[in-house]
Protein chains: 2
Amino acid sequence: MMNALGTLLIPLAPLLATEVDVDHAPLVLAAVLLSLVIIYLASKIGGELSRLIGFPPVLGELIGGVVVGASALHLLVFPESGAISADSVIMTILHWMSPLTSEGMASVFESQGEVVSVLAEIGVIILLFEIGLESDVKELQKVGDQAAIVACVGVAVPFGAGTAGLMYFFNVPTIPAIFAGAALTATSIGITSKVLSEIGQLKSKEGQIIVGAAVIDDILGIIVLAVVASLAKTGEIDILNVVYLIVSATAFLLGAILLGNVFNKSFVFTANLLKTRGNLIIPAFVFAFLMAFIGNAIHLEAILGAFAAGLVLEETDERKELDEQVKPVADMLVPIFFVSVGAKVDLSVLNPLVPENREGLIIAIFLILVAIVGKLVTGWAVFGQPGINRWAIGIGMIPRGEVGLVFAAIGAASGALNKPLQAAIIIMVILTTFLSPPFLRLAFGKASPEAESQGDIAQ
Amino acid sequence: MMNALGTLLIPLAPLLATEVDVDHAPLVLAAVLLSLVIIYLASKIGGELSRLIGFPPVLGELIGGVVVGASALHLLVFPESGAISADSVIMTILHWMSPLTSEGMASVFESQGEVVSVLAEIGVIILLFEIGLESDVKELQKVGDQAAIVACVGVAVPFGAGTAGLMYFFNVPTIPAIFAGAALTATSIGITSKVLSEIGQLKSKEGQIIVGAAVIDDILGIIVLAVVASLAKTGEIDILNVVYLIVSATAFLLGAILLGNVFNKSFVFTANLLKTRGNLIIPAFVFAFLMAFIGNAIHLEAILGAFAAGLVLEETDERKELDEQVKPVADMLVPIFFVSVGAKVDLSVLNPLVPENREGLIIAIFLILVAIVGKLVTGWAVFGQPGINRWAIGIGMIPRGEVGLVFAAIGAASGALNKPLQAAIIIMVILTTFLSPPFLRLAFGKASPEAESQGDIAQ
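Structure report, in brief.

Cut-offs applied
Residues numbered from 1 in each chain as written. Chains lettered and ligands numbered in written order. Predicted model: local features only at pLDDT ≥ 70, side-chain atom pairs only at ≥ 80, totals over all residues. Heavy atoms only, no water. Helix = DSSP H or I, 4+ residues; strand = E, 2+ residues; numbered from the N terminus. Contact = heavy atoms within 4.5 Å. Areas by Shrake-Rupley, 256 points an atom, 1.4 Å probe, with all protein chains shown as cover. Phe/Tyr/Trp six-rings, centres within 6.5 Å; stacked < 30°, edge-to-face > 60°. Buried < 20%, exposed > 50% of the residue type's maximum accessible area, 1.4 Å probe, protein only. Expected span 1.5 Å × (residues − 1). Bend = angle between axes of the 7 residues up to and from the residue. Salt bridge = Lys/Arg side-chain N within 4 Å of Asp/Glu carboxyl O. Core = buried A, V, L, I, M, F, W, Y, C linked by side-chain atoms within 4.5 Å.

## A look at the overall build of chain A
Then, in step 1: Across its full length, chain A carries 18 helices and 0 strands.
Then, in step 2: Considering only intrachain contacts with a sequence separation of at least 6, the fraction spanning at least 24 residues in chain A is 79%.
Then, in step 3: Entry remark: accessible area of chain A is about 16,600 Å², with carbon and sulfur atoms responsible for 67%.

Now the structure itself:
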């Protein structure tokens with residue numbers, strides 16, 4: 001009945017609208033609200049379908065984004081990817097409701113894209129804050145050496161092989177090659193731990209090494225991203241700059257961890273002092289956003305700051321309650337990131353029927369091979385553990401995910417990655433994530449699937 | 001140590017920045033992050049100080065906004081209020097970190113203002129959704145007639161007296177006079193029920209009538225706002241339009257309530273079907289944002305749609321869990337609204353030392369008198385209740401709040417309210433909210449202050 005009412009009344013709206021181009025604010029809000037509805041529908045339908053057929057929901061959110069975005073339905077398109085107002089189905093709907101001049105349309109379209117992009121960026125900041133908050137620095141120290149060596153090999157091999165291969169086989173320039181190589185490095189903690197818990201192997205020795213390595217991997221990946229993104233910005237490789245970035249990124253993260261115990265107490269003290277609503281979550285966001293701002297300001301990445309903030313607060317007594325409260329906020333904002341990443345990709349640049357696309361397609365196949373082999377070898381980096389399931393560890397490290405997508409998004413935004421390379425990275429993330437769960441089940445043999453609730457960050 | 005690190009490294013940043021005006025996106029994100037940090041600090045410091053001296057926290061958030069905004073510190077200023085980039089302390093900081101051309105600065109400043117404004121609007125949408133979710137349609141039916149008559153008198157008298165007084169004594173044009181009169185109507189459910197629970201009178205007969213009337217009042221207020229805001233947009237009073245708006249606003253709200261029982265089951269069914277994260281909150285937001293979009297599309301207000309969505313979901317079995325999950329999201333987004341409203345006001349237009357300000361000041365005093373007297377008389381509208389505390393009811397209806405601020409914000413955005421009138425309304429909201437708690441305590445006599453946890457929407 002409500003929909004019938006809406007349908008009945010909407011046609012009246014243009015008759016009532018006498019002003020044109022006077023005030024865009026209500027139209028920008030309307031465009032953002034419609035975008036959010038589309039994003040949420042795409043993320044939920046994609047996520048649920050993905051879960052139904054046994055894949056991680058985050059994969060479905062990404063594919064949902066591809067479906068509603070520039071590749072297919074054009075419901076959600078962005079000016080920064082070169083789309084114009086007339087390409088957007090949302091703008092067409094708004095134009096039909098309240099006719100605007102084409103300049104007015106362009107301005108509303110521009111603003112809507114900007115707002116949704118910032119919301120997506122806040123979403124990924126919250127995601128990395130949540131990952132930091134759920135990382136257990138102490139638990140990590142137990143798996144120790146094994147996880148560290150697996151992580152280092154798993155970063156070095158794909159990065160080296162990917163960058164070198166792109167430069168020597170495909171004549172890709174240095175900066176894009178380094179960026180694409182870097183995008184191959186980070187294993188997804190969320191996807192990996194989710195799959196392990198689904199097959200009941202989270203607590204096994206292999207499972208612990210995989211998760212430990214994935215955590216270190218993510219940290220290394222974020223440092224690599226910070227270094228590479230900054231290189232992409234300045235456009236040249238300046239050794240002094242590289243040293244500055246590695247030192248500052250490492251100091252930033254280690255400083256945050258060391259600072260944990262000190263900051264800890266003042267955070268808990270402040271939160272206990274406050275008696276009004278949001279007494280826990282607002283100080284936490286002030287800290288996370290401030291760290292994100294500092295990360296951005298010292299030419300690293302905002303997400304590195306948010307991750308460091310999460311690691312610091314992970315050590316507080318309030319961690320559990322805070323995590324509980326951050327969850328709904330993450331549920332609201334994180335899908336905006338995943339769906340936007342999918343929506344901004346134009347998969348048509350990989351259409352094999354168009355001859356000039358074929359090189360991009362071959363690059364994509366190359367990246368996927370490097371991504372798989374580069375992580376598989378990590379199983380053989382484990383030492384002093386006779387009888388360990390090396391295949392399982394290697395396969396467990398294969399899924400990329402959040403961080404890989406962050407690489408693709410930042411690379412595209414900074415101009416370092418052209419469209420075929422960006423699409424190739426997204427395809428690589430999607431395929432590695434698709435392939436890992438069934439092969440991981442195979443590698444572990446017939447493990448009874450337990451329903452564990454851990455590691456549900458990507459659930 | 002982290003701060004020391006930041007301070008140490010920030011001066012290096014300009015040296016490392018070689019590109020100028022190439023890509024604004026990271027700067028817009030940095031500006032938004034800094035804005036959020038300032039907003040949260042202002043809201044928490046203001047809210048806590050307000051609570052400490054016995055006033056509702058929302059008042060402190062508003063005053064915190066005034067302090068960081070256009071009236072004082074200029075940390076948070078908006079292009080739409082006529083500020084330029086150089087007026088903004090945030091932009092000055094960003095400019096110092098990465099030098100930009102003045103056009104680049106203006107564009108980043110514009111985008112930042114737009115993003116923060118949309119975040120504030122999403123905040124007020126979530127607030128009204130939450131108020132709807134916490135309204136109890138069935139509880140309301142018990143207090144019934146008494147509350148309804150109090151509400152109607154409390155809307156009609158201030159609206160009539162305010163509008164007529166402004167037009168005949170001060171020669172204010174019709175549309176602004178109607179807008180300012182409408183801003184006098186809505187009692188704040190949040191503030192009122194918070195104060196009543198603080199003095200242990202929430203369950204008394206007077207308390208129940210006040211809360212019931214405040215709920216009806218808020219609904220009437222939102223309908224009045226929808227009608228008035230639309231009048232302000234078209235700039236003229238068209239009887240057909242007024243009838244259309246009253247009918248559509250009423251149909252929209254009543255339709256939503258009647259729809260409740262039907263929609264109820266399909267919502268619970270959908271939420272139970274979903275197994276991935278956000279299975280409750282995402283469908284709820286899809287519904288709320290879609291209703292907000294429809295409210296906006298049929299030329300009512302987005303918040304009316306959000307409120308209706310809240311009323312519908314209030315009747316579902318999942319209400320309690322949903323409310324639990326919406327709280328942190330509201331904690332994060334609602335302060336952006338209150339602080340922004342405060343920040344956009346320029347109180348200097350009421351400075352009595354400037355001669356041309358005096359008329360605005362006299363208007364403010366007039367509005368405050370009408371706001372107080374117009375609600376005080378509602379106590380005498382109660383019938384068939386011998387011995388009822390009429391003063392207490394009248395005083396209990398005085399605090400304006402959220403909805404009054406929404407009026408001021410929408411009025412200013414639509415251009416219907418000039419700066420002195422808008423400032424006068426904000427002063428009216430602040431003063432009525434300041435005055436009510438002590439007098440309410442006085443009217444109820446020496447009631448033992450119980451610590452109740454109800455009605456903590458404004459806590």
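## With respect to the packing of aromatic side chains
Residue and element names in this part refer to chain A.
Then, in step 1: Tallying each qualifying case throughout the model produces 14 aromatic pairs over all chains.
Then, in step 2: Ring geometry for Phe 129 and Phe 285: centres 6.4 Å apart, planes at 55 degrees, overall tilted. In this pair, Phe 129 sits in helix H6 (residues 102-134) while Phe 285 sits in helix H12 (residues 281-297), placing the two residues 156 residues apart along the sequence. Accessibility assignment for this pair places Phe 129 and Phe 285 in one class, buried.

## Description of the environment of Ala186(A)
All names here are of chain A.
Then, in step 1: Looking at the element boundaries, Ala 186 is found in the loop between helix H8 (174-183) and helix H9 (189-198).
Then, in step 2: Ala 186 sits in the buried class, given a relative accessible area of 1%.
Then, in step 3: Considering only alpha carbons, one finds Ala 186 and Val 403, 217 residues apart in sequence, at a separation of 6.2 Å.
Then, in step 4: If we ignore the near neighbours within four places in the chain, the residues touching Ala 186 are Asp 217, Asp 218, Gly 221, Pro 399, Arg 400 and Val 403.

## Section: helix H14 (residues 319-344) of chain B
Residues and elements named next belong to chain B.
Then, in step 1: Over its 26 residues, H14 extends 35 Å from the first C-alpha to the last, a length consistent with the 38 Å expected when each residue adds 1.5 Å.
Then, in step 2: Along H14, the largest kink reaches about 40 degrees and is centred on Ala 330.
Then, in step 3: Of all the 26 residues making up H14, 21 are buried; the element is thus mostly covered by neighbouring parts of the structure.

## Here we look at unusual backbone geometry
Residue and element names in this part refer to chain A.
Then, in step 1: A positive phi angle is found at His 74, which is not glycine, with a value near 60 degrees.
Then, in step 2: Tracing the chain through its elements places His 74 in the loop between helix H4 (57-68) and helix H5 (89-97).
Then, in step 3: Judged by relative accessible area, which is 31%, His 74 ranks as partly exposed.

## Notes on the pattern of salt bridges
Then, in step 1: Across all of its chains, the model carries 8 salt bridges over all chains by this definition.
Then, in step 2: The partner of Arg319(B) in a salt bridge is Glu314(B), and the shortest N-O contact between them spans 3.8 Å.

## Here we look at the nonpolar core
Then, in step 1: Ranked by size, the top nonpolar core spans 330 residues in total, and within it Phe129(A), Phe289(A), Phe129(B) and Phe289(B) carry the most contacts.
Then, in step 2: Not counting the four nearest positions on each side in its chain, Phe129(B) is found in contact with Ala284(B), Phe285(B), Ala288(B), Ala306(B), Phe307(B), Ala309(B), Gly310(B), Leu313(B), Leu322(B) and Val326(B).

## Examining helix H10 (residues 205-234) of chain A
Then, in step 1: Taking 1.5 Å of rise per residue, the 30 residues of H10(A) would be expected to cover 44 Å, and the 43 Å separating its terminal C-alpha atoms lies within 8% of that figure.
Then, in step 2: Most of H10(A) sits inside the fold, with 25 of its 30 residues counted as buried.

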